[in-house]
Amino acid sequence: MGRPLLNRRLDGLGTTIFAEMSALAAATGSINLGQGFPDTDGPDAVRELAVEALRGGYNQYAPGPGYPDLRQAIAEHRRRFYGQTFDPDTEVLVTTGATEAIAAALLALVEPGDEVVALEPFYDSYAACIAMAGGVRVGVPLRPPAFGLDVDALRAAITPRTRVLMINTPHNPTGAVLTRAELTAVAELAVAHDLLVITDEVYEHLVFEGEHIPLATLPGMRERTVTISSAGKTFSFTGWKIGWVCASPELVAAVRTTKQFLTYVSGGPFQPAVAAALRLPDAYFAEFTADMRTKRDILAAGLEAAGLTVYRPRGTYFVTTDITPLGFDDGLDFCRRLPELCGVVAVPEKVFFDDTEESQKIGRPLVRFAFCKRESVLTEAAERLATLR
């Protein structure tokens, strides 16, 4: 054929780095600390509820917005942890993971040519979904060692063409947790420029220092924020792909309009189980966070012993490192060689930055390691990494 097959908006995206690195791990028998999935399942009782749902008839199309009990449980969760009130019938939408929620929100709210300001480095689906919507991505880099928000840079990034701010906290991949002061600055800019905000809060229960503050709880933000989260990270059932949107009726209706033409519905048997998971006692959430904090410390210590510069995360389940102390300067090259060097796989963060010279300079030496694995696996990985010295 004479013309390219791929829509030009998607030029340069190709296969995700997660697929590439997971395939490399499988091919080399390496420990996969690249893709962010746990190597153990979540609570047995929750898993058994999914089995019961399969046997109990939850095998046809779910309602378009999601089963009512799950939407009720999501609303209860927001009220229980953050004091927010959402109407489960008009202000909650169940999606195929947070990834679909992000895609549906961007496709619904962004017109071709609209600018979307996002924090760099950013989860790779942001770039793809902004491109598919015809939007223009504008990055605001988070810089090591603190990866704090540069409010002046954010302010400078906003133009008359800006339509949406994308805020991810706790932040993947850096592990930053935006402070109340930083979020207040975001809110003030959103209100002043009449912007919509999409917040990715999937790591809301993985905060080790500081606190998770939903942006929608701040003055002026309830009616302009699309809050996104999911069950995968909190309950270690990433394959179930159950996510959700909480927003005003108008915003939910807009996102639902797009979502219905993506998957329509999915995950019927998993929805009752996720509803029960959201109602687990506080002890579950506290123990989950404490367990991940311990795993963070195991891996961070191992990475430090290997000679890497470690930026200890305040949230998520990823550790960002700088590889230059080991004599490397390119994270992608380093990650492709790492299985041969020590039998471990990680992810280069340069692929989560824009292609500008400034952004690539920040991201080039940064590499992300996931610690959502069994402690024995992390200990073995640390021993392998120690040989890098």
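As recorded by an unreviewed UniProt entry, the protein chain carries the name Pyridoxal phosphate-dependent aminotransferase and is attributed to Yinghuangia aomiensis. According to the UniProt record, the Cofactor (unreviewed entry) comment for the protein chain reads "pyridoxal 5'-phosphate".

**So, the packing of helix α1 (residues 17-28) against helix α12 (residues 331-342)**
Packing of α1 against α12 brings their axes to within 9 Å, and their N-to-C directions diverge by 20°. Relative to α12, the element α1 lies roughly parallel. Of the residues in α12, those touching α1 at I17, E20, M21, L24 and T28 are L332, C335, R336 and P339. In terms of residue class, the contact of α1 with α12 is made up of six nonpolar, one polar and two charged.

**Side note on the pairing of strand β3 (residues 115-120)**
With six of its six residues buried, β3 lies for the most part within the structure. Burial of the side chains of β3 extends over both faces: E115, V117 and L119 are buried on one face and V116, A118 and E120 on the other. The parallel pair β3 and strand β4 (residues 136-141) is bridged by helix α5 (residues 124-132), and the resulting crossover is right-handed. With four bridges joining them, β3 and strand β5 (residues 162-168) adopt parallel strand pairing. Across the sheet, E115 pairs through a bridge with T162, a residue of β5.

**With respect to the packing of helix α4 (residues 97-109) against α5**
Between two packed helices, both the angle of their axes relative to each other and the distance between the axes serve to describe the pair. One can describe the packing of α4 onto α5 by two numbers: an axis separation of 9 Å at closest approach and a directional angle of 30°. Classified by the angle their axes make, α4 and α5 are roughly parallel. The handedness of the crossing between α4 and α5 is right-handed. Across the interface between the two elements, T99, I102, A103, L106 and L107 from α4 touch S125, Y126, C129, I130 and M132 from α5. Of the residues contributing to the contact of α4 with α5, the split by class is eight nonpolar, two polar and no charged.

**Considering the packing of aromatic side chains**
The geometry of an aromatic ring pair comes down to the distance between the two centres and the angle between the two planes. Applying the stated criterion across every chain yields a total of 19 aromatic pairs. Plain terms: the ring middles of Y203 and Y317 are 5.5 Å apart, the flat faces sit at 80° to each other, and that makes the pair edge-to-face. Highlighted residues: Y203 in the loop between β6 (196-200) and β7 (225-230) and Y317 in the loop between β9 (309-311) and β10 (318-322), separated in sequence by 114 residues. Both residues of the pair, Y203 and Y317, belong to the buried class. Relative to F285, the ring of F235 lies with its centre 5.9 Å away and its plane at 70°, an arrangement referred to as edge-to-face. Of this pair, F235 sits in helix α8 (residues 232-235) while F285 is found in helix α11 (residues 282-305), placing the two residues 50 residues apart along the sequence. Both residues of the pair, F235 and F285, belong to the buried class. Aromatic ring contacts, followed pair by pair, group F81, Y82, F235, Y284, F285 and F288 into a single cluster. The side chain of R368 reaches across the aromatic face of F318, ending 3.6 Å from its centre. Sitting over the ring of F37, K373 keeps its end group 3.8 Å from the ring centre.

**Some remarks on the state of the cysteines**
Where two cysteines share a covalent bond between their sulfur atoms, that bond is called a disulfide. Under the counting rule described, the total for this entry stands at zero disulfides. Here C372 stays unpaired: no disulfide links it, and the sulfur of C335, its closest cysteine neighbor, is 16 Å away. On the basis of relative accessibility, which here comes to 1%, the residue C372 falls in the buried class.

**Here we look at the sheet that holds strand β8 (residues 242-246)**
Across the sheet, which stays open at both edges, the seven strands sit in the order β2-β8-β7-β6-β5-β3-β4 with mixed pairing between neighbours. In this open sheet, the two strands that pair with only one neighbour each are β2 (92-96) and β4. Across the sheet, the axes of successive neighbouring strands diverge by a mean angle of 25°, strand direction being ignored. Strand contacts of helix α10 (residues 270-278): β2 and β8, with the helix running at about 65° to β8, the strand carrying the most contacts.

**Quick word on the pattern of salt bridges**
Counted according to the given criterion, the structure contains 25 salt bridges. The salt bridge partner of R78 is E204, with a shortest N-O separation of 3.5 Å. Of the two residues, R78 is situated in helix α3 (residues 68-82) and E204 in the loop between β6 and β7; the sequence distance between them amounts to 126 residues. On the basis of relative accessible area, E204 is assigned to the buried category, the value being 5%. Among the salt bridges present, the one from D297 reaches R296, with a minimum N-O distance of 3.0 Å.

**Observations concerning the nonpolar core**
Formed by 95 residues in total, the largest nonpolar core has its most connected members in L106, M166, V226, F235, V245 and F369. For this core, the leading source of residues is α4, giving eight residues. Every residue in contact with F369, bar those within four places of it in the chain, is listed here: L33, L299, L303, L308, Y317, F318, V319, T321, L338, V344, A346 and L385. Membership of the second largest hydrophobic core comes to 29 residues, among which are L142, I167, M221 and Y311.

Rules behind the numbers
- Residues numbered from 1 in each chain as written.
- Predicted model: local features only at pLDDT ≥ 70, side-chain atom pairs only at ≥ 80, totals over all residues.
- Heavy atoms only, no water.
- UniProt positions renumbered as here; feature names shortened; annotations may be inferred.
- Axes fitted to C-alpha atoms, helices over the stretch in contact; angles between N-to-C directions.
- Helix = DSSP H or I, 4+ residues; strand = E, 2+ residues; numbered from the N terminus.
- Parallel < 35°, antiparallel > 145°, perpendicular 65-115°, else oblique.
- Contact = heavy atoms within 4.5 Å.
- Nonpolar A, V, L, I, M, F, W, Y, C, P; charged D, E, K, R; others polar.
- Buried < 20%, exposed > 50% of the residue type's maximum accessible area, 1.4 Å probe, protein only.
- Right-handed = clockwise from strand over helix to strand, strands pointing away.
- Pairing = 2+ DSSP bridges.
- Left-handed = near helix turned anticlockwise from the far one by under 90°.
- Phe/Tyr/Trp six-rings, centres within 6.5 Å; stacked < 30°, edge-to-face > 60°.
- Lys NZ or Arg CZ within 6 Å of the ring centre and 35° of its normal.
- Disulfide = S-S within 2.5 Å.
- Salt bridge = Lys/Arg side-chain N within 4 Å of Asp/Glu carboxyl O.
- Core = buried A, V, L, I, M, F, W, Y, C linked by side-chain atoms within 4.5 Å.

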